[in-house]
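Residue-level structural notes
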Amino acid sequence: QKPGLELAVVSVPSYACQRHTPLLHHNTTLTDALSILAENAELGENEGRGVAFRRAAALLKSLPQEVRGAEQLRGLPCLGEHSLRVIKEVLEDGVSHEVETTTHSEQFKAMKALTGIFGVGAKTADRWFREGIHTPSDLQRSGHTLNRAQRAGLQYYDELNLPVTKPEAVAIGQIVERAVHAVLPGAEITLIGGFRRGKQTGHDVDFLITHPDEGREEGLMRKVVSWLEAQGFLLYQKTTGNSYLESKEGPARPASNMDRFERYSHPLPQTLVVVGDHAQKVSWVLGHSQCSGPRSWRAVRVDLVVSPYSQFAFALLGWTGSKLFERELRRWAVHEKAMTLSSHALYDRKRVRTLSQTHTHFKYCSGSFLYYQIRDKLI
Ligand code: CTP
Ligand code: MN
Ligand code: MN
Ligand code: MN
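Residues numbered from 1 in each chain as written. Chains lettered and ligands numbered in written order. Predicted model: local features only at pLDDT ≥ 70, side-chain atom pairs only at ≥ 80, totals over all residues. Heavy atoms only, no water.

**Digging into the coordination of the manganese ion (ligand 3)**
The protein atoms that coordinate the manganese ion (ligand 3) are Asp204 (OD), Asp206 (OD) and Asp303 (OD), at distances of 2.1 to 2.2 Å. Counting the intervening residues between successive donors of the manganese ion (ligand 3) yields the motif D-x1-D-x96-D. In this model, the manganese ion (ligand 3) sits 3.6 Å from the manganese ion (ligand 2), the two metals being bridged by aspartate 204. Of this pair, aspartate 204 sits in the loop between strand 3 (201-202) and strand 4 (205-210) while aspartate 303 sits in strand 7 (residues 300-306), and the two are 99 residues apart along the sequence. (Donors = N, O, S within 2.8 Å, 3.2 Å for Na, K, Ca; no water. Helix = DSSP H or I, 4+ residues; strand = E, 2+ residues; numbered from the N terminus.)

This is the structure:
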């Protein structure tokens, strides 16, 4: 039997959001290789290249069997020239030279280590790397002035880089639930992000909060944060603007007909967002300081999003991820359905387009119209 005949007849849709992509799949050797190159591109702020590798990896994850030869990939979408070259190399030699070189490069290792510090993005890490700082200990010794997020990130470096397990996520969910119900009974809390997709570990834990009575969620974030602070749960907390998916849609950058989702900003702001009182996101480093005795807690990153009930469905969809899935879903909405999807709403562009430009813009941004930054607090 010729390998691959089965694959060749499978027709695969080209948007990742149109495909079933199981968590456990048949091509991990290939997707691991492509993920390293994606990560390297993202750390080098080469967003387009990163997305190309992520798309290729996502395609491989959706295949019903293991790929054994490059001929099996003929006719499949999402596989660019570069990705195909890497795939062929891995299939033939077991490893890709480029992947090996990347994995062992000082720059890649340093960028990974430095961006692993909470509050440090690719730009800062790159600047430090050029100064000869390659590790968190180098940074500590350098005497650089760090902001509060970075100081917390350095202090809890090991813990924050330890994957959060499902049981830990559940335990944190109980703390968040206690906090939310203490300040707003009847509010509903949903686990989002990677854990909602069935992952068993994550780099953080994400929750979405809403209340069935529209409007009751206003001011909730502040109260929840105060409660957690009073109970000694917060090590660090910062609220910021909007999700990285949508921050570029705000008033500062009027909507253009260019594919706005191609402009997905790349380095993830780890400390985040307030958009008006209606779509708030807060990023925490959560710990617990029951100070007597041996420490019975660890620092964990927690993202919290509050949504009005009327936007809950869109918030749930928009914050479940993965990042590539969200990007593809929005791209698909725009190009195939002439609609605009955000984590607040779904707009029919055919109808919106008939409105005045100002009105159109306002519509796109409704619910995320007020952008302001709240100064960070170290708690
Ligand atoms: N997200 C966003 N803006 C951010 C961060 C995240 O819109 N600044 C959204 C994305 O849709 C993303 C989801 O929130 O898919 C969860 O983000 P994140 O926690 O970074 O990723 P996970 O998929 O949960 O992966 P991990 O398990 O590593 O946390
Ligand atoms: Mn997450
Ligand atoms: Mn998150
Ligand atoms: Mn938004």
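**Quick notes on the coordination of the manganese ion (ligand 2)**
Looking at the metal site, the manganese ion (ligand 2) is ligated by Asp204 (OD) and Asp206 (OD), spaced 2.0 to 2.1 Å from it. Judged by its relative accessible area of 6%, aspartate 204 is buried. (Buried < 20%, exposed > 50% of the residue type's maximum accessible area, 1.4 Å probe, protein only.)

**Re the confidence of the model for the protein chain**
In this model, the protein chain carries a mean pLDDT of 79, and residues with pLDDT of at least 70 account for 74%. Counting interchain partners and residues more than four positions distant, the pLDDT-below-50 stretch residues 241-281 has 139 contacts. Here residues 353-379 is a poorly scored stretch, pLDDT under 50, and it has 62 contacts once near neighbours within four places are set aside; other chains count. (pLDDT = per-residue confidence, 0-100. Contact = heavy atoms within 4.5 Å.)

**Here we look at the packing of aromatic side chains**
Tallied over the entire structure, the rule returns 1 aromatic pair. Judged by centre distance (6.4 Å) and plane angle (15°), the rings of tryptophan 227 and phenylalanine 233 are stacked. (Phe/Tyr/Trp six-rings, centres within 6.5 Å; stacked < 30°, edge-to-face > 60°.)

**Overview of helix 4 (residues 81-93)**
Counted at 1.5 Å a residue, the expected span for helix 4 with its 13 residues is 18 Å, and the 18 Å between its end C-alpha atoms agrees. Within helix 4, burial applies to His82, Ser83, Val86, Ile87 and Val90. Considered in projection along helix 4, the buried side chains sweep an arc of 135° and stay on one side of the axis. For helix 4, the exposed residues set more than 90 degrees away from the buried face come down to Glu81, Glu92 and Asp93. Elements in contact with the buried residues of helix 4: helix 2 (28-43), helix 3 (47-61) and helix 5 (97-104). Positive phi appears at glycine 94, one or two residues downstream of helix 4, with a value of about 85°. (Expected span 1.5 Å × (residues − 1). Arc of directions from axis to C-beta.)

**As for the packing of helix 3 against helix 4**
Contact geometry of helix 3 with helix 4 gives a least axis separation of 9 Å together with a crossing angle of 55°. With respect to their mutual orientation, helix 3 and helix 4 come out oblique. In this structure, helix 3 crosses over helix 4, and the sense of that crossing is right-handed. Listed contacts from helix 4 to Arg49, Ala52, Phe53, Ala56 and Leu60 of helix 3 are His82, Ser83 and Ile87. (Axes fitted to C-alpha atoms, helices over the stretch in contact; angles between N-to-C directions. Parallel < 35°, antiparallel > 145°, perpendicular 65-115°, else oblique. Left-handed = near helix turned anticlockwise from the far one by under 90°.)

**Quick notes on the environment of tyrosine 347**
Within the secondary structure layout, tyrosine 347 lies in strand 9 (residues 346-348). Taking the C-alpha atoms as reference, tyrosine 347 lies 9.5 Å from alanine 333; in sequence the two are 14 residues apart.

**Here's the deal with unusual backbone geometry**
The residue after glycine 321, namely serine 322, is reached through a cis peptide bond having omega -5°. Counting through the fold element by element, serine 322 comes out in the loop between helix 14 (312-320) and helix 15 (323-337). At cysteine 78, a residue that is not glycine, the phi angle is positive and equals roughly 70°.

**Considering helix 14**
For helix 14, every residue scored as buried is listed here: Phe312, Ala315, Leu316, Gly318, Trp319 and Thr320. Trailing helix 14 by a residue or two, glycine 321 shows a phi angle of about 75°, which is positive.

**Examining the side chain of asparagine 27**
With respect to the helices and strands, asparagine 27 occurs in the loop between helix 1 (5-9) and helix 2. By relative accessible area, which is 3% here, asparagine 27 ends up buried. The contact partners of asparagine 27, leaving out residues within four places of it in the chain, are Leu60, Leu63, Gln65, Glu66 and Val67.

**Considerations on the pattern of salt bridges**
Any two side chains of opposite charge can pair, on the condition that their charged atoms come close. Tallied over the full model, the rule gives 12 salt bridges. Linking arginine 49 and glutamate 98 is a salt bridge whose minimum nitrogen-to-oxygen distance equals 3.8 Å. Taken together, the residues arginine 49 in helix 3 and glutamate 98 in helix 5 connect sequence positions 49 residues apart. The exposure class of arginine 49 is partly exposed, given its relative accessible area of 37%. For glutamate 98, a relative accessible area of 27% translates into the label partly exposed. Here arginine 216 makes a salt bridge to aspartate 213, at a shortest N to O gap of 3.6 Å. In this structure aspartate 213 comes out as partly exposed when scored by relative accessible area, which is 41%. (Salt bridge = Lys/Arg side-chain N within 4 Å of Asp/Glu carboxyl O.)

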